[in-house]
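# Structure assessment
Listed below are the residues making up each chain.
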Amino acid sequence: MHGQKLAILVGGGPAPGINSVVSAATIRAQLDGVDVVGIRDGFEWVMQGDINHVVPLTIDAVSRMHFRGGSFLGTSRANPTVDPTNLDNTVAALQRLSVSRLITIGGDDTAFSAMKLEERAHGQIHVAHVPKTIDNDLDLPPHVDTFGFQTARHIGVEILKNLMVDAKTTSRWYFVIAMGRKAGHLALGIGKAAGSTLTLIPEEFATHPVRLTRIVDTLAGAILKRRSYGRLDGVAVIAEGLVLDLDPRDLDHIENVERDAHGHLRLSEVNIGDVLKRDVTARLKALGIKTTITEKNIGYELRSADPIPFDMEYTRDLGYCAAKYLLTGGNAAMMSMQAGHFVPIPFSALIDARTGRTKVRLVDVSSTRYAIARRYMIRLRRDDFDDPRELARFATAAGLTVDEFRRQFGYLVDDEPPPLQLDAELGAAIDHAPEAGERRS
């Protein structure tokens, strides 16, 4: 194979633990006598054939890097797959640097770029991808997180904890918009752990596109329900990816939002927190209810934080395995740690046959984990509409008759998951299972 160097690059948004991957991979390769170079700013420069934005990596330079957030090598969202020439330039640039092995660190877009680069190199460059994203949406087994997610959730919970105190102190509501482009893992992880009043994620809505009215009424209904119990405060966590599922017709009135060549709104530019704050306030005002709502986006505070010990250890494992995998002839796989063991996932297994892109892991709303999260939320539920006393309480809080309250808000339970059922027999079997010591005897 031409060349002996190992190169490392980072694509996409920051996530806690990037530097730890770089550090571990560099140390492992250097101990084998392999030179390592860091490519700055992802594919930005090399896809133009520019090899001047490269830095040699040594053990001394990286040995304490794992404590810090951000990316020592920078990052970018440059996409070499848009134009085949960019892929050819990238392969040629790496070969000019005498690189025969490449570690890419990133999310689904970077993984896709890594796959296409490996194909274009025709065996001349072996590629290993390390899954990074606080969105936790790469196609790993359900129990395996992407690195950075746990740190982002940890910091998010700390922020939410303070907002919950402020909300109660000032009798206001917070609408907290959490990062998560396509999936609601981060929003749900933060909301459930912190005990937010409710959490809204894209996966919970069965009908698409989602009408803005449904989300507005869900939030207004939660505010009314909590108000009926004497609480004027609350914190709702909302996944930003909801905006991608909204019916564009509901957003036509929004100003200062870019449109594409066909006149459609660029939904990624919509400030969903501001939209919901305005519309929920108006919805409640129409009922004669005044409430204070503050919207807050969290994400940038999370993704460049110093990693917690979990992510430090996890990413050192991933970095070590990525280097070791390539040094022993491995190629074309995403790195994963499963139950303490290294498991490479072939690139071919990551492609969604329907879209031709990398698969996206969504929240499983049929899971026990999600069912428990829903049970602890304060939001209108199916059993609320079956309980005359509760329904009367909520209707009074809204200044409506029971029939009118049912007419205006009853449809919200159409998408509610079925009640959580635990297998009592299985539970009994687990409760009475012999201890390890008993089994040995």
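Before any of the text, the structure's been laid out above.
This one's a predicted model, so the numbers in the text were calculated from it and none came from an experiment.

## Regarding the pattern of salt bridges
Proximity of charged atoms lets side chains of opposite charge pair with each other. This model, assessed by the stated rule, comprises 25 salt bridges. A salt bridge links Arg68 to Asp306; its shortest N-O distance comes to 3.2 Å. With a gap of 238 residues between them, Arg68 in the loop between α2 (59-62) and α3 (84-96) and Asp306 in the loop between α10 (300-303) and α11 (309-327) connect regions that are remote in the sequence. Given a relative accessible area of 51%, Arg68 falls into the exposed group. The class for Asp306 is partly exposed, based on a relative accessible area of 39%. In this structure, the salt-bridge partner of Arg381 is Asp383, at a minimum N-O distance of 2.8 Å. Relative accessible area serves as the criterion here: at 15%, Arg381 is assigned to the buried category. Overall, Asp383 belongs to the partly exposed group, its relative accessible area being 34%. Sharing partners across several salt bridges, the network here consists of Asp108, Asp109, Arg181, Lys182 and Arg357.

## Considering the sheet that holds strand β3 (residues 54-57)
Here we have 7 strands laid out as an open sheet, ordered β3-β2-β1-β4-β5-β10-β13, and mixed in their pairing. Looking at the sheet topology across the chains shown, the edges are occupied by β3 and β13 (345-346). Sheet topology places strand β1 (residues 5-10) next to strand β2 (residues 36-39); 4 bridges connect them, and they run parallel. Looking at β2, one finds that Leu9 is bridged to Ile39.

## Describing the sheet that holds strand β7 (residues 198-200)
Taken in spatial order, the 4 strands make up an open sheet running β7-β8-β6-β9, and their pairing is parallel. In the strand order of this sheet, the two ends are held by β7 and β9 (293-298), each with one partner. Within the sheet, the average angular offset between the axes of one strand and its neighbour, ignoring direction, is 20 degrees. Summarising the sheet, strand β6 (residues 173-178) and strand β8 (residues 234-239) pair through 6 bridges and their orientation is parallel. Looking across to β8, one finds that Trp173 is bridged to Gly234. Strands β6, β8 and β9 of the sheet are contacted by helix α9 (residues 272-286), whose axis makes an angle of about 165 degrees with β9.

The rules behind the values
- Residues numbered from 1 in each chain as written.
- Predicted model: local features only at pLDDT ≥ 70, side-chain atom pairs only at ≥ 80, totals over all residues.
- Heavy atoms only, no water.
- Salt bridge = Lys/Arg side-chain N within 4 Å of Asp/Glu carboxyl O.
- Helix = DSSP H or I, 4+ residues; strand = E, 2+ residues; numbered from the N terminus.
- Buried < 20%, exposed > 50% of the residue type's maximum accessible area, 1.4 Å probe, protein only.
- Pairing = 2+ DSSP bridges.
- Axes fitted to C-alpha atoms, helices over the stretch in contact; angles between N-to-C directions.
- Contact = heavy atoms within 4.5 Å.

Shape descriptors only; they carry no functional weight alone.
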